[in-house]
Amino acid sequence: MMWYHSALLFLGIVFHTSQVASGLGSSCSAPLGSSTASPTDPYWLETIQHQGTSAFNSNSPYKVFRNVKDFGGWRVIGNAKNPPTLLASPSFNGFAVIYADPYIPNGYGTQWFINQDNFLRSVRNFIVDLRQVPSANSVIGFHWQVSQATSLVNVVVEMSTAAGTNHQGLLMESGRCAFNTYIVFNGGKIGIQVGSQKFTVRNLTVDNADTAVLGVWNRGFTIQGVTINGCQTIGSEAIIDALVTNMPISIRSSTASNGTLAGSLVLDNVELIHVPTAVGVVGGITTQILNSASSVTVYSLSTVGASYQLSVRPVGVVNEGDNPDGFQETITAWNM
């Protein structure tokens, strides 16, 4: 059961109040009145005659114009000034509030779409609130297993902050080549759990989650403009322009990279405030690369393939020649 608050734009249909519109050098002399189009009327572009041909394709049936609705694309767009809320009720027992690629019941892991072909989905300007769902229940805000031409923009997920909570903001087991920006996750067991390739996230905020970012596997996952507060966190990852405050561990890898690109990590312009273990390895020779109990700015950290494996404000402190085996050797060299 879901409750919907405020107005929203769905599949290109707009519900709004009358307002004065102006732009491009012209203005309306009176408020806009009610439209005459029915909510079910088609958009004008799909009704006009389409007679274009491809200049370099002799196949005459080839479609130059393609209606996205014929290929399963969808958009859910809320009011950017007053984002509507999708409120999960206490009895909600679905897998996720926004379920972009549902698993087929008794399908042995099969889904509606092949994740790399799951195109043309977008959610913008929404708040997803899971806090009425009991904290012990496993529930996800966004199951976002998608690929090209997809996006999450200006979305917030509110989750329980109770001890032992099982709420999760975003789950992405696979997919590729997509983009999310201005996304905020408050509370929960995990802010975002990601496994993808060639994926970009900008302007990510995670507050008071048990784990901010869980990277289960990745081939080129870039996160730029990150703010993490009061969490614990992070495969091949690049983190750029980040602020991390009040966390026991900022980034922890399950294994050392040992001179390979598998499991490599790149940090660029990252500020750490009150983070006892900034970067570490589970069960490594030591538990941390640097201690930032007060404040430190990591100018860059690259576990392999850089002249300096670690630079701080912005002086190189760990030379590649002293660090032939990547992550584990970086730890040893720094703590010496």
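Residues numbered from 1 in each chain as written. Predicted model: local features only at pLDDT ≥ 70, side-chain atom pairs only at ≥ 80, totals over all residues. Heavy atoms only, no water.

1. A short note on the overall build of the protein chain
Selection rule: Under the scheme used here, helices are H or I runs from DSSP no shorter than 4 residues and strands are E runs no shorter than 2 residues, and both carry numbers assigned from the N terminus. The buried label applies to any residue whose accessible area, calculated with a 1.4 Å probe on protein chains only, is under 20% of its type's maximum; exposed applies above 50%, and partly exposed to all values in between. Reported accessibility uses the Shrake-Rupley method at a 1.4 Å probe radius. Residues are deemed covered only where the shown protein chains occlude them.
In terms of regular secondary structure, the protein chain is built from one helix and 21 strands. Burial statistics for the protein chain: of 336 residues in total, 40% are counted as buried. As displayed, the protein chain has an accessible area near 17600 Å², and 54% of this comes from carbon and sulfur atoms.

2. Details of unusual backbone geometry
Phi angles above zero are rare outside glycine, and N154 is one such case at about 55°. Mapped onto the elements, N154 comes out in strand β10 (residues 150–158). Phi angles above zero are rare outside glycine, and N203 is one such case at about 60°. Along the chain, the position of N203 falls in strand β13 (residues 190–207).

3. Notes on a nonpolar patch on the surface
Convention followed: Exposure above 30% relative accessible area and the absence of a salt bridge qualify a residue for a patch, where like charges join within 9 Å and nonpolar side chains (Val, Leu, Ile, Met, Phe, Trp, Tyr) within 5 Å. Salt bridge, as used here: a side-chain nitrogen of Lys or Arg that lies within 4 Å of a carboxyl oxygen of Asp or Glu.
Together, Y43, W44, L45, I48 and F65 make up an exposed nonpolar region whose accessible area comes to about 500 Å². Summarising the element assignment, I48 is placed in the loop between β4 (26–27) and β5 (74–78).

4. Focus on the pattern of salt bridges
Inspection of every chain in the model, using the stated rule, returns two salt bridges. The salt bridge partner of R131 is E158, with a shortest N-O separation of 4.0 Å. Here E158 lies in strand β10 and R131 lies in the loop between β8 (121–129) and β9 (139–143), a separation of 27 residues in the sequence. Under the relative-accessibility criterion, R131 is labelled partly exposed at 48%. Exposure remark for E158: the relative accessible area of 19% places this residue in the buried category.

5. Comments concerning the pairing of β9
Put simply, the test is: Between any two strands, at least two bridges found by DSSP are needed for them to pair.
Where burial is concerned, most of β9 is hidden: five out of the five residues are buried. Where strand β7 (residues 96–99) and β9 come together, three bridges link them in parallel fashion. For A96, the partnering residue across the bridge sits in β9 and is I140. Sheet analysis places β9 next to strand β11 (residues 167–172), joined by four bridges and oriented parallel. Residue pairing for β11: I140 is matched across the bridge by Q168.

6. Considerations on the side chain of Q168
Just so we agree on the cut-off: A contact between two residues is defined here by any heavy atoms of the two lying within 4.5 Å.
Within the element layout of this structure, Q168 appears in strand β11. For Q168, a relative accessible area of 11% corresponds to the buried category. Ignoring any residue separated from it by four or fewer positions in sequence, one finds Q168 in contact with L130, V139, I140, G141, M159, I190 and Q193.

7. A look at the nonpolar core
For the record, the criterion: To form a nonpolar core, buried Ala, Val, Leu, Ile, Met, Phe, Trp, Tyr and Cys residues must be joined to one another through side-chain atoms within 4.5 Å.
Membership of the largest hydrophobic core comes to 50 residues, with the highest contact counts inside it found for V123, F142, W144, L170, F185 and L204. Not counting chain neighbours up to four residues away, the residues in contact with L170 comprise I140, F142, W144, L152, N180, F185, G191, I192, Q193 and V194.

8. Details of the side chain of S196
How we decide: Think of a polar contact as two N or O atoms within 3.5 Å of one another; within protein, one of them needs to be a possible hydrogen donor and the other a possible acceptor, and neighboring residues in sequence only count if both atoms come from side chains.
Along the polypeptide, S196 turns up in strand β13. Within polar-contact distance, the side chain of S196 engages the backbone oxygen of G175 at 3.0 Å. A distance of 3.5 Å separates a polar atom in the side chain of S196 from the backbone nitrogen of R176. Setting aside anything within four residues of it in sequence, one finds S196 in contact with M172, S174, G175, R176, W217, N218, R219 and F221.

9. Side note on the packing of aromatic side chains
Selection criterion: Think of it this way: a Phe, Tyr or Trp ring, Trp meaning its six-membered ring, pairs with another when their centres are within 6.5 Å, and the plane angle makes it stacked under 30 degrees, edge-to-face over 60, tilted otherwise. By definition here, charges over rings are those cases where NZ of Lys or CZ of Arg is within 6 Å of the ring centre and within 35 degrees of the ring normal.
The final tally for this structure, using the stated rule, is six aromatic pairs. For the pair W112 and F113, a centre-to-centre distance of 6.5 Å together with 70° between the ring planes defines the contact as edge-to-face. Relative accessible area serves as the criterion here: at 31%, F113 is assigned to the partly exposed category. Three or more aromatic residues joined by ring pairs make a cluster, and in this case those are W74, F142 and W144. Seen from the ring of F113, R121 lies directly overhead, with NZ or CZ sitting 4.6 Å from the centre.

10. Concerning the environment of L152
Structurally, the position occupied by L152 is in strand β10. Remark: the alpha-carbon pair of L152 and V76, spanning 76 residues in sequence, is separated by 9.9 Å.

11. Side note on the confidence of the model for the protein chain
Condition: pLDDT measures how confident the predictor is about each residue, on a scale from 0 to 100.
With 70% of its residues at a pLDDT of 70 or more, the protein chain shows a mean pLDDT of 75. Low confidence marks residues 1–24, where pLDDT is under 50. Its contacts with residues over four positions away, or in another chain, come to 54 contacts.

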